[in-house]
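So you can see what is in the structure, the chains are spelled out below.
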Amino acid sequence: MNISLKTGLSAIAAIILLSSPFAFADHAWGTYHWARTANPFTLKMGDNLTSNWDPYLATAAADWSLSSVLDVTVVASGKNPKTCRPTAGRGEVCNARYGSTGWVGIAQIWVTGTHITQGVVKMNDTYFNTKKYNTPAWRNLVMCQEVGHLFGLDHQDENTTNANLGTCMDYTNDPSTNQHPNQHDYDMLETIYAHLDSSTTLSQTTAKGKNMTISDDPREWGREIRRSRDGRASLYERDFGDGQKILTHVFWAEEFSADRLSRATR
Ligand SMILES: [Zn+2]
Ligand SMILES: [Zn+2]
């Protein structure tokens, strides 16, 4: 490539970067993280999945374990997947037919101050059993993204129609090249987990929090923190006081319009 063409292209790239308010320079949402006393730390994920989902959780666990700061271990669990109650000190991953809720997947994180104490991922088979979403690419993307939220990662981009960034933390209508994390995700994890804490929330006995419960109904998710480019809320926060919050990350089904959502939540 000649120099002037190269300069021209990087100028265009710079303009695209500067003009995209939905590309987050810092895609940790707040400074939320698991408290731990050493790196790399191990986050357990309770498996409440039907067997057809197991390979996707295994892939996400292996992908995220490539991070230098954390490892993911999948453990047997016995939650009712419909309610998918959290377990202190770890994540729980569930699938069920949650109904025509509008969301394909959600990740919910309980925090005390800046520390994550427990998290839940729900994959909605009402959508994954349809022709559109019943593909390995969609299953990989949504599983990888929701598990990524449990570490404190946010989306890198929330415009579904721009070019894929090559990470599962990017909203898209085309999952093909967005099925796994990219280097920026691993870099962000190193930033989020650069410090060490004097205590840990990665334990069922030390991760204390209020007995906060929340359902998969958007009306219970609290205030909208952010809307994506197509007008749908991507992150909600329910504040229980005393620094106790539940955050809900949402992956909406494409056909679920903002209009329908506002009517449903009115
Ligand atoms: Zn900390
Ligand atoms: Zn998400």
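Residues numbered from 1 in each chain as written. Chains lettered and ligands numbered in written order. Predicted model: local features only at pLDDT ≥ 70, side-chain atom pairs only at ≥ 80, totals over all residues. Heavy atoms only, no water.

Novice: What exactly am I supposed to notice about the coordination of the zinc ion (ligand 1) here?
Specialist: In an ideal tetrahedron of four donors about a metal, each angle is 109.5 degrees. In an ideal octahedron of six donors, the angles are 90 or 180 degrees. Every protein donor of the zinc ion (ligand 1) is listed here as H33 (NE2), H115 (NE2), H195 (NE2), D197 (OD) and D197 (OD), and their distances to the metal cover 2.0 to 2.6 Å. Read from N- to C-terminus, the donor residues coordinating the zinc ion (ligand 1) fall into the pattern H-x81-H-x79-H-x1-D. Of this pair, H33 sits in strand 1 (residues 33-34) while H115 is found in strand 6 (residues 115-124), placing the two residues 82 residues apart along the sequence. We classify H33 as buried; its relative accessible area is 5%. What makes H115 buried here is its relative accessible area of 18%. (Donors = N, O, S within 2.8 Å, 3.2 Å for Na, K, Ca; no water. Helix = DSSP H or I, 4+ residues; strand = E, 2+ residues; numbered from the N terminus. Buried < 20%, exposed > 50% of the residue type's maximum accessible area, 1.4 Å probe, protein only.)

Novice: I keep staring at the packing of aromatic side chains and nothing clicks. Help me out?
Specialist: As enumerated under the stated definition, the model contains 13 aromatic pairs in all. Their ring planes at 70° and their centres at 5.6 Å tell us that Y171 and F251 sit as a pair that is edge-to-face. Here Y171, found in the loop between helix 4 (136-149) and helix 5 (183-192), pairs with F251, found in strand 9 (residues 244-252); they are 80 residues apart in sequence, far enough to count as distant. This pair shows no difference in class: Y171 is buried, exactly as F251 is. For the ring pair W221 and W252, a centre distance of 6.4 Å and an interplane angle of 45° mean the geometry is tilted. With W221 in the loop between helix 5 and strand 7 (223-227) and W252 in strand 9, this residue pair connects regions lying 31 residues apart in the sequence. Here W221 and W252 have matching classes, each one buried. Pairwise contacts between aromatic rings join W53, Y56, Y127, F128, Y133, W138, Y171 and F251 into one cluster. It is K132 that lies over the ring of Y133; its NZ or CZ is 5.2 Å from the centre. The ring of W53 is capped by R139, whose NZ or CZ atom sits 4.5 Å from the centre of that ring. (Phe/Tyr/Trp six-rings, centres within 6.5 Å; stacked < 30°, edge-to-face > 60°. Lys NZ or Arg CZ within 6 Å of the ring centre and 35° of its normal.)

Novice: What exactly am I supposed to notice about the coordination of the zinc ion (ligand 2) here?
Specialist: Every protein donor of the zinc ion (ligand 2) is accounted for by Q145 (OE1), H149 (NE2) and H155 (NE2), and the metal-donor separations fall at 2.0 to 2.1 Å. When its relative accessible area of 0% is taken as the criterion, H149 is described as buried.

Novice: Any chance you could explain empty space enclosed by the protein here in plain terms?
Specialist: The gaps left among the atoms become clear once a water-sized probe is rolled over them. Counted under the stated rule, the structure contains one cavity of 30 Å³ or more. What lines the largest cavity is simply Y133, W138, T160, Y171, T172, N173, S228, D230, R232, F251, W252 and E254. Of the residues belonging to the lining of the largest cavity, the class tally is five nonpolar, four polar and three charged. (1 Å grid on protein atoms, 1.4 Å probe; cavity = no way out; pocket = protein on both sides within 12 Å on 5 of 7 lines; lining within 4 Å. Points joined across faces, edges and corners; volume = space filled by probe spheres on them. Nonpolar A, V, L, I, M, F, W, Y, C, P; charged D, E, K, R; others polar.)

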